[in-house]
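What follows is the residue order along each chain.
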Amino acid sequence: MFGIPSIGKLLVLGLVIGGIYLFFKAAGRREQSRSNGSKKNTGRTPSQNQENQDDNGSLDMVQCPACKAYIPAKSKCSCGGNG
């Protein structure tokens with residue numbers, strides 16, 4: 001009754017499982033981006049958020065001397081130390 005499935009059937013099954021996985025992964029990303037977009041503004045203007053950014057969008061980061069966490073260069077660490 002349950003014989004060994006052929007290679008073709010196993011490949012199709014793998015493609016179906018992979019497609020379902022990618023669909024739910026994309027749906028999760030879409031939902032996460034919607035929830036991030038609806039968060040309240042932090043009170044900073046877009047120019048203040050972008051003042052540390054390079055042309056490619058990366059931020060200049062420095063290590064906090066007090067807690068050793070990496071923070072944007074022109075901001076203050078939440079531990080109270082200067083970044």
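Residues numbered from 1 in each chain as written. Predicted model: local features only at pLDDT ≥ 70, side-chain atom pairs only at ≥ 80, totals over all residues. Heavy atoms only, no water.

**A short note on the overall build of the protein**
For step 1, the next point in the chain: In terms of regular secondary structure, the protein is built from two helices and two strands.
For step 2, the next point in the chain: Tracing the protein from N to C terminus, the helices and strands come up as α-α-β-β.
For step 3, the next point in the chain: Put simply, the protein has 83 residues, and 6% of those count as buried.
For step 4, the next point in the chain: Sequence separation of at least 24 residues holds for 0% of the intrachain contacts in the protein that already meet a minimum separation of 6.
For step 5, the next point in the chain: Summed over all atoms, the accessible surface of the protein reaches about 7,300 Å², with 59% contributed by carbon and sulfur. (Helix = DSSP H or I, 4+ residues; strand = E, 2+ residues; numbered from the N terminus. Buried < 20%, exposed > 50% of the residue type's maximum accessible area, 1.4 Å probe, protein only. Contact = heavy atoms within 4.5 Å. Areas by Shrake-Rupley, 256 points an atom, 1.4 Å probe, with all protein chains shown as cover.)

**Here's the deal with the packing of aromatic side chains**
For step 1, the next point in the chain: This structure, assessed with the given rule, holds one aromatic pair.
For step 2, the next point in the chain: Taking 5.3 Å as the distance between ring centres and 80° as the angle between the ring planes, the aromatic pair formed by F23 and F24 counts as edge-to-face. When sorted by exposure, F23 lands in the same class as F24, which is exposed. (Phe/Tyr/Trp six-rings, centres within 6.5 Å; stacked < 30°, edge-to-face > 60°.)

**Looking at unusual backbone geometry**
For step 1, the next point in the chain: Positive phi values are uncommon outside glycine, yet K68 reaches one of about 65°.
For step 2, the next point in the chain: Looking at the element boundaries, K68 is found in the loop between β1 (61-63) and β2 (70-72).

**A word on the confidence of the model for the protein**
For step 1, the next point in the chain: Scored by pLDDT, the protein comes out at a mean of 79, with 70% of its residues at no less than 70.
For step 2, the next point in the chain: Mean pLDDT across the secondary structure elements of the protein bottoms out at helix α2 (residues 46-50), with 53, and peaks at helix α1 (residues 7-37), with 92. (pLDDT = per-residue confidence, 0-100.)

**With respect to a nonpolar patch on the surface**
For step 1, the next point in the chain: The grouping of I7, L10, L11, L13 and I17 at the surface amounts to a nonpolar patch, some 520 Å² of accessible area in total.
For step 2, the next point in the chain: When you line up the elements, L10 lands in helix α1.
For step 3, the next point in the chain: Judged by relative accessible area, which is 43%, L10 ranks as partly exposed. (Patch = residues over 30% accessible without salt bridge, like charges linked within 9 Å, V, L, I, M, F, W, Y side chains within 5 Å. Salt bridge = Lys/Arg side-chain N within 4 Å of Asp/Glu carboxyl O.)

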